[in-house]
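Working through the structure, step by step
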Amino acid sequence: MDSPRQAKNLNREPKRTQNRPSNPPQKDAYARLLGQHRSSKFSLYLEQYAKDTEFQREGNWPSPSPKAQSDRQNIPQKQRDQVPHDFSDSSDFSPSSMKRKGEESSLSLYMEKISTRTAQQDFERMPGVSDRQRCGQRRDTATSQDGDVESGEELGSLKPNESRKHQKQQRKTKDSNKDVTSKETDSFVARPQSPNTAGTSGQEQEKMKKSKKKKAHSRQPEEDRSGEASFQSGMDTLTSSANSPADKGKNRGARGSKRPVFESYMTFEEVSRGLKRGELLQGKLRINPKKYHDSFIPSPDDRRDVFLDGIVARNRALNGDIVVVQILPREQWKVDYENMGPTVVFFFLQVVYIVEKKHSRAVTGFLKFLPDKPFAMFSPVDHRVPRINVLLADCPEDFSSRPGDYANTLFICRITNWAADSNFAEGQLAKTLGQAGEIEPETEGILIEYEVDFSEFSDAVLNCLPKNLPWTIPAEELSKRRDLRKECIFTIDPSTARDLDDALSCKRLPDGNFEVGVHIADVSYFVGEDNALDAVASRRATSVYMVQKVIPMLPRLLCEELCSLNPLTDRLTFSVIWTITPQGKILSEWFGRSVICSCVKLSYDHAQSMIEAPEKMFAAEELPPVDPMHPIDEIHQAVLNLHSIAKNLRAQRFTGGALRLEQLKLSFTLDKETMMPQGCYVYQYRDSNKLVEEFMLLANIATAHHIHKRFPQIALLRRHPPPKAKMIDELQEHCDQLGINIDLSSAGALNKSLNTSLGDDKYTSARKEVLTHMCSRPMQMALYFCTGVLKDEQLFKHYALNVPLYTHFTSPIRRYADIVVHRLLASSLNCGPSLGLSTEEVEKQASHCNDRKTVSKRVQELSSELFFGVFVKECGPLESEAMVMGVLDQSFDVLVLRYRVQKRVYCKSVVGLDSFHHRKVGKTSELTLVWTAEDREKAPVEQVRTAKARK
């Protein structure tokens, strides 16, 4: 990793043009495929195939069945022509497609599919066809940011009978390399445009392109649009791998019915049989936001990702959907012997069924007017979502006459249909949000797009809350609980927190040990099972924290009043109390329902001041209001004792093999009236934060063991799978090439490596953060699960914490999973109702909590990005030193040191850069930047950028 150079003008929009050489048309599919795979083994395999094909054409081999031929003709052209460009491993499967298509070679099927490319060569020789149409590489005339046709025109194709005629002509030709395209020219005839397939002229597309640039600049003044990187990398892939005629042919048509762009889905019965036989694979689809052609689902062992190449392979599935994919046989897997070794493979895969549409199908974006068309083009901000045709009748009344008035207006559009014969979805406008770049419209768009329920709670829900306010604890309930109201118990939270979930206590015992308590708000007392309040909490599953507000899981009466452990107020709690030695050894443990009265609400700043000044006598005005029953000195000493024990617990955890990937978070100061960002700073994670974290972890681990022992089949726990093995191997190799000494063999080994010195200068912490970011990429998300679903208890383990069992118990105000755990704990202690939960019910709720937690995290990130963009727009341009994190062929990623944000810098958009050159040194990318000299008489200044570490 290079020491940083000042990265200026990070808010510039990258240029959209790309200079790529056009690929001359190949005469033969065999020659083209051979040129793409340079390994000698694969070359020999293809040469043998060519000989076999020659025999087959001469009639020495039996021809495929008519059904097989028909099946092949129905496969979309784009799917035929795409060549995967990434690698992944998986288990061996035998797909049902092979049983339907007989005993033919998989490579034979593939070669026959791509042989239809010769018809494309005819088109490229047609009179009047421009170089731009032949190359199909100009984004403004060929594709949109998400890889679809800009104009809305659909794919054209040969008629079925013309296609069969074409195949007969090929079989009559003895020489496989002979050009037969002249006979097929008449096949390409322009067909009439329909409202659903109409396109725009080149001039109209050029206008749309300019409008797009203007809107993108106004929408994201500082942020680099990820779609730019996505588009460039995706187009590079397409043009370098095959220069697909399917992509070139999107703006052309032929007489007759439209040929499907996507395969038809399998039936439910076919999918069920295929999954049982191991011929199909089910998983959650993830689409790379920076390279939208690439998508993945987890392999069955969850240690690798299975790769799907291209938009057609996704077959209309969107990010987050649960899909079923078909895996072609091993002989059709391609191996890159030269670069990856023979153990790393990628497959030809395709989605054949969508089990559950997890994606909301609602997206934010902009409307584009298409002259002489009965519909407008909706362009989503998220480039992983297709462009959407919206009927003009559904658009604002004056949109057709004054489309420029809406150039910067942000809309919400819902996808209503996506036909198999269309590159574009169909949809309806759901709402006009407002001007792009403004906080409230953008925030509302984020919430709607990610299906965050921010509506007011219904009367049915509010009727489940206590009616007599101010509420007091019933005497009958007090008699059932351990009374801890006279104990020195306090909360430590962010200064702005209103939902106080947890409190701590610590008192010294006569024998020198300590009684330490973690006291958690007893939300399950107020949220009964199977009522309206429980239903909405279950559905929301988590509170969503944005920069300027919180979308609560529960009504504010509970979040901020009745459940919140506010100071000097009696509150119901669930407590875990330990007898513990000063060294952190646990001697005894008690669980139970209790009642407390917090003596003070401390912020992390207050606790940190106490830790840093152990001898100081704090005055009353330096702290929030304190219960007179507990002197400030008593509270101060309790904080110091907790800090001392926490340090020992933390040391034990990391000695035992735990891992913490600490990534810094950007926080904002807001104007109290306008809620606009006034400044930003990097949030500091200090000893006071670590103190609270240690005891929350201890309580969660203890609770996990307790409920699993009592309910081994229905316990709701949280596991953290180990990182993807393939990605870990790649990271290890990459670090070795960069000269970074790192051990990725286990969580503990990685943690030790990250805490090894990476130099001794002012950039040491930045290097550590960059390395931490690199190491976080292979990591998987932690997941809630039901213990009765997983039979192997080794899968219960939490990788980062390096503990066998873990759960969430400490935040029931903001997480529904914690409420379920509280109910299990109460039932196990006979202080709550018996549960009628089944394994299936718990697993279903666990899965839903996983989905909503992922959404909550993403919404929080988008909110932070929005506020930072607005801050830069108002106060920028800003200058900061930056450290190179990664290098691509036309750009490089940096960590902006002042704000600890990661950005992509496009070479073509950097002011003062004369030229740049990219090359590979082994597998490491290297960019040479040539800067224009300030003195024009002097030679330009060269600067080499890599991601190489300096020690």
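The rules behind each value
Residues numbered from 1 in each chain as written. Predicted model: local features only at pLDDT ≥ 70, side-chain atom pairs only at ≥ 80, totals over all residues. Heavy atoms only, no water. Helix = DSSP H or I, 4+ residues; strand = E, 2+ residues; numbered from the N terminus. Buried < 20%, exposed > 50% of the residue type's maximum accessible area, 1.4 Å probe, protein only. Contact = heavy atoms within 4.5 Å. Areas by Shrake-Rupley, 256 points an atom, 1.4 Å probe, with all protein chains shown as cover. Patch = residues over 30% accessible without salt bridge, like charges linked within 9 Å, V, L, I, M, F, W, Y side chains within 5 Å. Salt bridge = Lys/Arg side-chain N within 4 Å of Asp/Glu carboxyl O. Lys, Arg positive; Asp, Glu negative; His and termini not counted. Charge placed at Lys NZ, Arg CZ, Asp CG, Glu CD. Pairing = 2+ DSSP bridges. Axes fitted to C-alpha atoms, helices over the stretch in contact; angles between N-to-C directions. Phe/Tyr/Trp six-rings, centres within 6.5 Å; stacked < 30°, edge-to-face > 60°.

- An unreviewed UniProt entry annotates the protein as DIS3-like exonuclease 2 originating from Gasterosteus aculeatus aculeatus.

**Digging into the overall build of the protein**
- Each helix and strand in the protein was counted, giving 27 helices and 33 strands.
- Per-residue burial over the protein gives 58% buried out of 951 residues.
- Excluding contacts between residues fewer than 6 apart, the proportion of contacts in the protein whose partners are at least 24 apart in sequence is 72%.
- Put simply, the protein shows about 42,100 Å² of open surface, and 50% of that area lies on carbon and sulfur atoms.

**Things to note about a negative patch on the surface**
- Judged by side-chain charge, Glu529, Asp530, Glu840 and Glu841 come together as a negatively charged surface patch.
- Considering the arrangement of structural elements, one finds Glu840 in helix H27 (residues 839-875).
- By relative accessible area, Glu840 is classed as exposed at 59%.

**Section: the sheet that holds strand E13 (residues 409-417)**
- Strand order in the closed barrel formed by five strands is E10-E11-E12-E14-E13, with mixed pairing between adjacent strands. Here the strands of the sheet are splayed against their neighbours by 50° on average, with no regard to which way each runs.
- As defined by bridge partners, strand E12 (residues 388-391) adjoins strand E14 (residues 425-435) across two bridges and the pair is classed as parallel. For Ile388, the partnering residue across the bridge sits in E14 and is Ala425.
- Across the sheet, helix H15 (residues 439-449) touches strand E10 (362-368), E13 and E14, and the angle it forms with E14 is around 145°.

**A closer look at the packing of aromatic side chains**
- Across all of its chains, the model carries twelve aromatic pairs by this definition.
- With a centroid separation of 6.4 Å and 70° between ring planes, the pair formed by Phe574 and Phe809 is classed as edge-to-face. One end of the pair, Phe574, is in strand E21 (residues 570-580); the other, Phe809, is in the loop between strand E27 (783-786) and helix H26 (816-828), with 235 residues separating them in the sequence.
- The class for Phe574 is buried, based on a relative accessible area of 0%.
- Here Phe809 falls in the buried class, since its relative accessible area comes to 0%.
- Aromatic pair Phe785 and Phe796: ring centres 5.0 Å apart, planes at 50°, arrangement tilted. Of this pair, Phe785 sits in strand E27 while Phe796 sits in the loop between E27 and H26; the two residues are eleven residues apart in sequence, bridging distant segments of the chain. Pair check on accessibility: Phe785 and Phe796 agree, each one buried.

**Brief notes about the sheet that holds strand E18 (residues 514-521)**
- Pairing is mixed in the open sheet, where seven strands are placed in the order E15-E22-E21-E18-E17-E16-E23. Every interior strand has two partners, whereas the edge strands, strand E15 (482-483) and strand E23 (601-603), have only one.
- Examined bridge by bridge, strand E16 (residues 489-493) and E23 share three bridges and lie parallel to one another. Directly across from Ile492, in E23, lies its bridge partner Leu602.
- Running over the sheet, helix H20 (residues 604-612) touches E16 and E23 and is turned about 75° from E23.
- Seen against the sheet, helix H21 (residues 632-655) touches E16, strand E17 (502-508), E18, E21 and E23 and runs at an angle of roughly 95° to E17.

**Regarding H15**
- Taken across its eleven residues, H15 has ten buried, putting it largely inside the fold.
- Listing the buried residues of H15 in full gives Ile439, Pro441, Glu442, Thr443, Glu444, Gly445, Ile446, Leu447, Ile448 and Glu449.

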